[in-house]
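Here are the chains, one letter per residue:
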Amino acid sequence: LKAGPLPGVWATGPYLHNGSVPTVYELLSPVEERRKVFWTGGRELDRERLGFVSDNAPGRFRFDTTLRGNRNTGHLYPPRGLRHDERLAIIEYLKVLGAEELS
């Protein structure tokens, strides 16, 4: 299986096989820092965390990660986790790759 291109990765959220992580920042975060509930269905770009704004708003759908099949646990790479500054550096790198899409 060939990996997909990184430019525009911010536009493919929510992330993981079940859509249980709303932003790239949370994907790179320890499990305990990931939101348990968020809302999907919006198209407003979250430029800080990369993904889509996932706050409660009319027309959006509630996603509860505590429900069976919706869990967002595991998937922490590297196993030691990443510091806040390391997560932000990765996000800035992805922004540079997708600079045309973000403008």
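Here, every reference points to the structure presented above.
Please read these numbers as outputs of a predicted model, since none were measured by experiment.

### Structural notes on the environment of Leu88
Logical step 1: Within the secondary structure, Leu88 is located in helix H2 (residues 84-97).
Logical step 2: On a C-alpha basis, the gap between Leu88 and Arg68 in space is 31 Å, while along the polypeptide they are 20 residues apart.

### A look at the environment of Glu92
Logical step 1: Among the structural elements, Glu92 can be located in helix H2.
Logical step 2: Taking the relative accessible area as the measure of exposure, Glu92 reaches 44% and is therefore partly exposed.
Logical step 3: Note: C-alpha distance between Glu92 and Glu48 (44 residues apart in sequence) is 9.1 Å.

### A closer look at the pattern of salt bridges
Opposite charge on two side chains lets them pair, provided their charged atoms get close.
Logical step 1: For the coordinates displayed, the defined rule picks out eight salt bridges.
Logical step 2: Between Glu86 and Arg80 there is a salt bridge; the shortest N-O distance is 3.2 Å.
Logical step 3: The residue Glu86 makes a salt bridge to Arg83 at a minimum N-O spacing of 3.3 Å.
Logical step 4: Exposure remark for Glu86: the relative accessible area of 19% places this residue in the buried category.
Logical step 5: Put simply, Arg80, Arg83, Asp85 and Glu86 are held in one network by salt bridges that share partners.

### Quick look at the packing of aromatic side chains
When we look at a pair of aromatic rings, we describe it by the centre distance and by the angle of the planes.
Logical step 1: Per the stated rule, a full pass over the model turns up one aromatic pair.
Logical step 2: For the ring pair Phe38 and Phe63, a centre distance of 5.1 Å and an interplane angle of 20 degrees mean the geometry is stacked. One end of the pair, Phe38, is in strand S1 (residues 37-40); the other, Phe63, is in strand S4 (residues 61-64), with 25 residues separating them in the sequence. Grouping residues by exposure puts Phe38 and Phe63 together as buried.
Logical step 3: Positioned above the aromatic ring of Phe52, the side-chain terminus of Arg43 is 4.8 Å from the ring centre.

Criteria and thresholds
- Along each chain, residues carry numbers from 1 onward, in the same order as the chain's sequence is written.
- Per-residue local features of the predicted model are confined to residues with pLDDT of at least 70, and side-chain atom pairs are confined, for both listing and counting, to 80 or more; whole-chain, interface and lining totals are unaffected and use all residues.
- Heavy atoms throughout the structure, all of them, feed into the side-chain values; hydrogens and water do not.
- Secondary structure follows DSSP: runs of H or I at least 4 residues long count as helices, runs of E at least 2 residues long count as strands, and numbering of each begins at the N terminus.
- Buried residues are those whose accessible area, probed at 1.4 Å on protein chains only, stays under 20% of the maximum for their type, while exposed residues exceed 50% and partly exposed ones sit between those limits.
- Each reported salt bridge corresponds to a side-chain nitrogen of Lys or Arg within 4 Å of a carboxyl oxygen of Asp or Glu.
- Here a Phe, Tyr or Trp ring, Trp counted by its six-membered ring, pairs with any other such ring whose centre lies within 6.5 Å, and the pair is stacked when the planes are under 30 degrees apart, edge-to-face when over 60, and tilted otherwise.
- We call a charge positioned above a ring when the Lys NZ or Arg CZ atom is no farther than 6 Å from the ring centre and deviates by at most 35 degrees from the ring normal.

Take it as geometry only, folks, not as evidence of what the structure does.
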